[in-house]
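Here's the letter readout for the chains.
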Amino acid sequence: MIQDSKDFERLLKYDNLIQLWKEFCGAHTTLYDLTCEEYLKLLESDIESLEGILKRKETVLERINKLEQKRLTTIDEINQKNLFGLHISKVSELIEALSVIEQERNGKHLQKFNLLLVDIIEKIQEQNKKNQIFLNRAMINLKDMKESFSGKKKYKTYSSIGVAK
């Protein structure tokens, strides 16, 4: 229940943060999709399409940075107005401070959006690792090809127990 202007301002900040987290989730989902698409283009060796994907990823990352600035500004406003009686410096502290509002509204929207966001970010990190492994293997293969063209290729032989000599 709204009892004073501070309560009203808390509710407004809460609603703004819910919208911000929705936008974070959407932008990160787009980034994840592009990261997966990037992997497919790497497998296809489609460099032209890959360049386009990288430009689109850069645009999405710029959007995420703007959202992050918006989040930081909102937290600064909350701290300056001392809306929750404590200084908020981490997202976990923000979610904790807003838990009272979430209980009053019979939903933990911010907590759920934050869990979704963390899950999407973890998936992006996993996909980036796959992309990096693929690129590392490609670089090794290119190096091997270069060495074979220049006559510097050294072939490995294996012992009876499978150890390279």
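Scroll up for the structure.
Rules and cut-offs
- Residues numbered from 1 in each chain as written.
- Predicted model: local features only at pLDDT ≥ 70, side-chain atom pairs only at ≥ 80, totals over all residues.
- Heavy atoms only, no water.
- Helix = DSSP H or I, 4+ residues; strand = E, 2+ residues; numbered from the N terminus.
- Buried < 20%, exposed > 50% of the residue type's maximum accessible area, 1.4 Å probe, protein only.
- Contact = heavy atoms within 4.5 Å.
- Areas by Shrake-Rupley, 256 points an atom, 1.4 Å probe, with all protein chains shown as cover.
- Core = buried A, V, L, I, M, F, W, Y, C linked by side-chain atoms within 4.5 Å.
- Salt bridge = Lys/Arg side-chain N within 4 Å of Asp/Glu carboxyl O.

A. Seen up close, the overall build of the chain. A tally of helices and strands in the chain yields four helices and zero strands. Helices (α) and strands (β) of the chain occur, in sequence order from the N terminus, as α-α-α-α. Sorting the 165 residues of the chain into buried and exposed places 28% on the buried side. Partitioning the contacts of the chain with sequence separation of at least 6, the portion at a separation of at least 24 is 64%. Here the chain displays about 11600 Å² of accessible surface, and carbon together with sulfur accounts for 54% of that area.

B. Examining the side chain of Asn 79 more closely. Residue placement: Asn 79 occurs in helix α2 (residues 47-80). Among the residues examined, Asn 79 registers a relative accessible area of 15% and is labelled buried. Here Asn 79 is in contact with Leu 86, His 87 and Ile 88, once residues within four sequence places are set aside.

C. Highlighting the nonpolar core. Residues Phe 84, Leu 94 and Leu 98 are the most contacted members of the largest nonpolar core, which totals 29 residues. Elements with a contribution of two residues or more to this core: α1 (5-44), α2, α3 (91-104) and α4 (109-150). Those residues in contact with Leu 94, other than ones at most four positions away along the chain, are Leu 17, Trp 21, Ile 75, Ile 78 and Ile 88.

D. Up close: the pattern of salt bridges. For the structure on display, the rule yields ten salt bridges. Its salt-bridge partner being Glu 77, residue Lys 13 comes within 2.3 Å of it at the nearest N-O pair. Here Glu 77 lies in helix α2 and Lys 13 lies in helix α1, a separation of 64 residues in the sequence. With a relative accessible area of 29%, Glu 77 lands in the partly exposed category. For the salt bridge of Asp 119 with Lys 123, the shortest nitrogen-to-oxygen distance reads 3.7 Å. Taken together, the residues span about one helical turn, with Asp 119 and Lys 123 both in helix α4 at a distance of four residues.

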